[in-house]
Amino acid sequence: MTELSEQRGLADWLPGRLAATSPAITVMGDVILDGWWSGAINRMCREAPAPVVEINRRDFAPGGAANTAMNLAALGARVSIAGIIGRDEAGRELKRQLQDAGVDVRNLVDHADMVTTTKTRVSSSGQVLLRFDDAARAIPLEAVNALADTVADSVKGQDAVVLCDYSSGALEGPVRSTLLDVLSDRQAGLLTVVDAHDPRPWARLQPDLVTPNAQEAARLLGLRLSDDDDRPAVIESNRDRLIEATGAKAVVVTLDRDGTVLLPAAGTTHRTWARPAAEKQASGAGDTFVAALTLARTASLPLTTSLDLAQAAADVVVHHAGTSVCGTAELSRYLESFVDTALSADELVRHVQAHRSEGRRIVLTNGCFDVLHRGHTRYLNQAKQLGDILVVALNSDDSVRKLKGPGRPINTVADRAAVIAALSCVDYVTVFDTPTPIPLIEAVQPEIYAKGGDYTPEMLAETQAVERYGGKVTILDYVAELSTTAVVERIRKGDSAALGDSAVDGAVSDGAVN
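Residues numbered from 1 in each chain as written. Predicted model: local features only at pLDDT ≥ 70, side-chain atom pairs only at ≥ 80, totals over all residues. Heavy atoms only, no water.

> Help me understand helix H10 (residues 239–246), please; the structure alone is not making it clear to me.
Side chains of residues three or four places apart in an α-helix project in the same direction, reflecting 3.6 residues per turn. All of the buried residues in H10 are Leu-242, Ile-243 and Thr-246. All buried residues of H10 fall inside an arc of 100 degrees around its axis, so they share one side. Turned more than 90 degrees away from the buried face of H10 sit Asp-240 and Glu-244, all of them exposed. Those residues of H10 that are buried are in contact with strand S10 (209–210), helix H8 (214–221), helix H9 (231–237), strand S11 (250–254) and strand S12 (260–264). Looking at the residues trailing H10, positive phi occurs at Gly-247, about 70 degrees. (Buried < 20%, exposed > 50% of the residue type's maximum accessible area, 1.4 Å probe, protein only. Helix = DSSP H or I, 4+ residues; strand = E, 2+ residues; numbered from the N terminus. Arc of directions from axis to C-beta. Contact = heavy atoms within 4.5 Å.)

Have a look at this one:
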């Protein structure tokens, strides 16, 4: 597991390596059957001013906790699921699809007086018109007690447990009490993830991760968030309150189109940026995110890398219609698509001009970015927050050799470009071969030129070029404990990592981008 635990960036081989670890993961919670019905509208209803949808296709897929389980299975985990369904057609369909995906359903309790929760969307021409929900008003106590009896067996010998609590009742009463007792005394190494509308009842567990969305986090804080609010900034400013309310070691707040924010109890925050699609019928990206995040952390990937991987998986499924999953092969293809994505200067200028015409602010930074580490990712996340579009200019291989010596770069510019482009905070990558990036700066004319390290604007040759057209130079934080040179030296010596995730998160070279 050492190679994965030291992985700091995304590569197309990573999903396959994660799948090969084949961790045992239990998903417990509110299971749902999602229905997607589609048809044509050719007339209006006589009885009311409403369109008539002539259904020509009915699709069903596991949703809720069941969708999280499906995604984990697709990513290579050995998955078991625990929840409550009815002895009805919806329950049988849900169970069949889970079994076909290789999910262990032994602890999926069925009950004759239970209605399997079903959420059916009706659409026409790609537009969802309505959703109708069929669910039990109350879960039979006998079914809840039966689920409580499965808890000890469900978590025994597992590598991770994901609790999907959507306030439907499956994880309340005796189930919650049993889970709190069993998991509070859990064995070392058992990762606990809480994906709940309200994670406060699970605070006693001190879970490793909780994953509220923005509105759920706002309710925890007693706040109201509007579309005009800077949601990431509001969330980050309330980190201590969220950690205290949830009892978690780390809180990951999902922000839909705005990506996610990682708030660890110890260490630095981290952002991801989504690559949203125009598809209006996608559903379940949050379940995919939680699944990929859990798998990565179970394999001991750093939190920041795990978050970036989970964002990539979520970006995959938002391009699918309906409730879907992201599998190992598809995630690898998605990451591989960033290979050879470095743009020429002329191509970059055309893209930048289009963004600027839409009122977006361009941020440009540059560096070698050889052997990506947390100093790089934190630095790039900070740079992204200075504007709307982040452009990263990489030194060519010859340029790196002139700067760093004949033993560098470790990775070719094609590999470096692919890894940098895969980061959710990066919008464009280009390569320059001049002694300084001044010719590129003059061509792109970014509103912000960001530089990291022990500099002042006066020390940079680029400052005059930036200020000449009215741009601004911003110097980001610098902490010197970790640099690429130090990482390369440690690799060459064969030394193992000396610091854990939290320690390294708090001691990275934010500015040392080379």
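Now that the structure has been shown, we can carry on.
> Is there a simple way to explain the pairing of strand S8 (residues 160–165) in this structure?
On a regular strand, one side chain projects to one face of the sheet and the next to the other, so that they alternate. Within S8, six of the six residues are buried, leaving the element largely enclosed by the surrounding structure. Residues Ala-160, Val-162 and Cys-164 of S8 are buried on one face, and the alternating residues Val-161, Leu-163 and Asp-165, pointing to the opposite face, are buried as well. Examined bridge by bridge, strand S1 (residues 24–29) and S8 share five bridges and lie parallel to one another. If you follow Val-27 over to S8, its bridge partner there is Val-162. Relative to strand S9 (residues 191–196), S8 runs parallel, the two sharing six bridges. The residue of S9 that forms the bridge with Val-162 is Val-193. (Pairing = 2+ DSSP bridges.)

> What is the right way to read the pairing of strand S2 (residues 31–44) from this model?
As judged from the 13 bridges shared by S2 and strand S3 (residues 51–64), these two strands associate in the antiparallel manner. Its bridge partner being in S3, Arg-43 is matched across the sheet by Val-52. Counted between consecutive antiparallel strands, the loop separating S2 from S3 contains six residues. Where S2 meets strand S6 (residues 118–124), six bridges bridge the pair, whose relative direction is parallel. The partner of Asp-34 across the bridge, within S6, is Lys-119.

> For this particular structure, what's the right way to read the environment of Val-162?
On the secondary structure map, Val-162 appears in strand S8. Given a relative accessible area of 0%, Val-162 falls into the buried group. For Val-162 and Val-194, which are 32 residues apart along the polypeptide, the C-alpha to C-alpha distance reads 5.9 Å. Residues in contact with Val-162, not counting those within four places in the same chain, are Ile-25, Thr-26, Val-27, Met-28, Thr-68, Val-193, Val-290 and Thr-294.

> It is not clear to me how the sheet that holds strand S18 (residues 428–432) should be interpreted in this structure. Could you clarify?
Strand-to-strand pairing in sheets goes through backbone hydrogen bonds, with the strands running parallel or antiparallel. If you trace the five strands from one edge of the open sheet to the other, you get S18-S17-S16-S19-S20, paired in parallel fashion. Every other strand in the sheet has two partners, leaving S18 and strand S20 (472–475) as the edge strands with one partner each. Geometrically, the sheet is characterised by an average inter-axis angle of 25 degrees between neighbouring strands, direction not taken into account. Pairing of strand S19 (residues 448–451) with S20 involves four bridges; the strand directions are parallel. The residue of S20 that forms the bridge with Lys-451 is Ile-475. (Axes fitted to C-alpha atoms, helices over the stretch in contact; angles between N-to-C directions.)

> Can you help me understand the packing of helix H12 (residues 303–317) against helix H13 (residues 328–336) in this one?
Close contact between H12 and H13 brings their axes to 10 Å; oriented N to C, the two are set at 100 degrees. With respect to their mutual orientation, H12 and H13 come out roughly perpendicular. Packed against H12, whose contacting residues are Leu-309, Ala-312, Ala-313, Asp-315 and Val-316, the element H13 presents Glu-330, Leu-331, Tyr-334 and Leu-335 at the interface. Looking at the contact of H12 with H13 residue by residue, the classes come out as seven nonpolar, no polar and two charged. (Parallel < 35°, antiparallel > 145°, perpendicular 65-115°, else oblique. Nonpolar A, V, L, I, M, F, W, Y, C, P; charged D, E, K, R; others polar.)

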